[in-house]
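# Observations on chain architecture
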Amino acid sequence: SYDELRKCTNNFSRSNEIGSGGYGKVYKGVLPSGQVIAIKKAQQGSRQGGHEFKTEIELLSRVHHKNLVSLIGFCFEQGEQVLVYEFMTNGSIRDSLSGKSGIHLDWKRRLHLALGSARGLAYLHELADPPIIHRDVKSTNILLDEHLTAKVADFGLSKLVSDTSKGHISTQVKGTLGYLDPEYYLTQQITERSDVYSFGVVMLELITARQPIEKGKYVVREVRTLMDKNDEEHYGLREMMDPTIRNAGNLVALGKLIDLALQCVEESASDRPTMSEVVKALEVIMHNDG
Ligand code: ADP
């Protein structure tokens, strides 16, 4: 309940801080029921009117899916916004890829994570009511639970698609460099296909383990150049792959996964698939990978 949450989120120790991100600080806590939670606290900016924010958060807390980190509750305290999420024990995809969490992601697991997060996003786009654009899909926002199931997190930047009646938006577009839809620079608009672009970048991360931009080089461009070379065996690409999975998976499945990722990161949004098309394509790839 609201009161319970209020009590618990007040009584946690600062030493339980697990990190800080774009939204604010994140703490670990436990509810009286024993459920472990992640608590996000942020100073309430002048930009975000309390009422508008509350309406938005209420809608988000009604969204539940196996591949989405559930928002359990929220409260407002002395100018602070407190969001309570289910706790993800195994960190983010980025933590795994960078060796930070000590979890090795083999080829099959990576396909699994791609499919799971695609399902979560497809749900947001097509089944949530009203539809939700995530707006900040990236490898640090895809978290792993105790079963290594992928769950898409951080709806702090999401804006409800149908929420245009109010004339202005409570959250600003703040996508992350390297993941942000290039069409945004032309249209100033974020759409479902912007999430598809960001998701394509995440898939390339799963394949290469590289950050989207490293030493000024864009992985999207490098992979595209390598794929344009008529190299059926993807020799060039194997060089770019994460060494820990370089010899795993079959070449056909790998080629298909890269093709799919590159479709997602097409410059022109209309050339990109929808999230549910991505889900279907990933299901086929996994099935054929044996
Ligand atoms: P960012 O804005 O960079 O995405 P966040 O504010 O989402 O960062 O998260 C900051 C840190 O807290 C990250 O290390 C993230 O892995 C961790 N974190 C966020 N949400 C959860 C959660 N539900 N369970 C466990 N850890 C979380």
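Predicted model, so just to flag it, every value in this text is computed and none were measured.

### Considering the confidence of the model for the chain
- Of the residues in the chain, 82% have a pLDDT of 70 or more, and the chain-wide mean is 84.
- The model gives residues 160-172 a pLDDT under 50, and that stretch makes 18 contacts with residues more than four places away or in other chains.
- Among the scores for the predicted complex, ipTM is 0.95 and pTM is 0.88.

### Some thoughts on the pairing of strand S5 (residues 80-86)
- Here strand S4 (residues 71-77) pairs with S5 via 6 bridges, running antiparallel. Bridged to Glu77 within S5 is Glu80.

### Describing the environment of Gln263
- Mapped onto the fold, Gln263 is located in helix H9 (residues 251-264).
- For Gln263, a count of 16 C-beta atoms within 10 Å translates into the label partly exposed.

### Points about unusual backbone geometry
- The omega torsion across Asp129 and Pro130 is 0 degrees, close enough to zero to call that bond cis.
- As for its placement among the helices and strands, Pro130 is situated in the loop between helix H4 (107-126) and strand S6 (132-133).
- In this structure, Arg135 is a non-glycine residue whose phi angle is positive, near 80 degrees.
- Relative to the elements of secondary structure, Arg135 occurs in the loop between S6 and strand S7 (142-144).
- With phi around 65 degrees, Ala209 is a residue other than glycine that occupies positive phi space.

### What about the packing of H4 against helix H6 (residues 192-208)?
- It is the contact of H4 with H6, at a shortest axis distance of 11 Å, that shows an interaxial angle of 170 degrees. As judged from the angle between their axes, H4 and H6 are roughly antiparallel. Seen from H4, the contacting residues are Arg110, Leu113, Ala114, Ala118, Leu121 and His125; seen from H6, they are Glu192, Asp195, Phe199, Met203 and Leu206.
- Split by residue class, the contact of H4 with H6 holds 7 nonpolar, 1 polar and 3 charged.

### What about the nonpolar core?
- In this structure, Ala118, Phe199, Met203, Leu257, Cys264 and Val278 are the most contacted members of the largest nonpolar core, which totals 67 residues.
- Setting aside anything within four residues of it in sequence, one finds Leu257 in contact with Met203, Ile207 and Ile285.

### Observations concerning the environment of Gly116
- Looking at the secondary structure, you find Gly116 in helix H4.
- Taking the C-alpha atoms as reference points, Gly116 and Pro131, separated by 15 residues in sequence, lie 19 Å from one another.
- In contact with Gly116, not counting residues within four places along its chain, are Asn67, Thr149 and Ala150.

### Section: the UniProt feature "binding site: ATP" (unreviewed entry) in the chain
- In the numbering adopted here, UniProt assigns the feature "binding site: ATP" (unreviewed entry) to Lys41.
- Within the secondary structure, Lys41 is located in strand S3 (residues 36-43).
- The exposure class of Lys41 is partly exposed, given the 18 C-beta atoms found within 10 Å.
- Sequence-distant contacts of Lys41, defined by excluding residues within four places in its chain, comprise Gly24, Lys25, Glu80 and Val82.

### Let's talk about H9
- The first and last C-alpha atoms of H9 sit 20 Å apart over 14 residues, in line with the 20 Å expected at 1.5 Å per residue.
- Of all the positions in H9, only Ala253, Leu254, Leu257, Ile258, Leu260, Ala261 and Cys264 are classed as buried. End-on, the buried residues of H9 take up no more than an arc of 160 degrees, which puts them together on one face. Facing away from the buried side of H9, by more than 90 degrees, are the exposed residues Leu251 and Val252.
- Its buried side turned inward, H9 meets H6, helix H7 (219-228), helix H8 (235-240) and helix H10 (275-289).

### Side note on the packing of H6 against H7
- Interaxial distance between H6 and H7 falls to 10 Å at its minimum, and their mutual angle equals 70 degrees. By the angle between their axes, H6 is roughly perpendicular relative to H7. On H7, the residues touching Val201, Leu204 and Thr208 of H6 are Val219, Val220 and Val223.
- Considered class by class, the residues forming the contact of H6 with H7 number 5 nonpolar, 1 polar and no charged.

The rules behind the values
- Residues numbered from 1 in each chain as written.
- Predicted model: local features only at pLDDT ≥ 70, side-chain atom pairs only at ≥ 80, totals over all residues.
- pLDDT = per-residue confidence, 0-100.
- Contact = placed C-beta atoms within 7 Å.
- Pairing = 2+ DSSP bridges.
- Helix = DSSP H or I, 4+ residues; strand = E, 2+ residues; numbered from the N terminus.
- Buried ≥ 20, exposed ≤ 12 C-beta atoms within 10 Å, placed from the backbone.
- Axes fitted to C-alpha atoms, helices over the stretch in contact; angles between N-to-C directions.
- Parallel < 35°, antiparallel > 145°, perpendicular 65-115°, else oblique.
- Nonpolar A, V, L, I, M, F, W, Y, C, P; charged D, E, K, R; others polar.
- Core = buried A, V, L, I, M, F, W, Y, C linked by C-beta atoms within 7 Å.
- UniProt positions renumbered as here; feature names shortened; annotations may be inferred.
- Expected span 1.5 Å × (residues − 1).
- Arc of directions from axis to C-beta.

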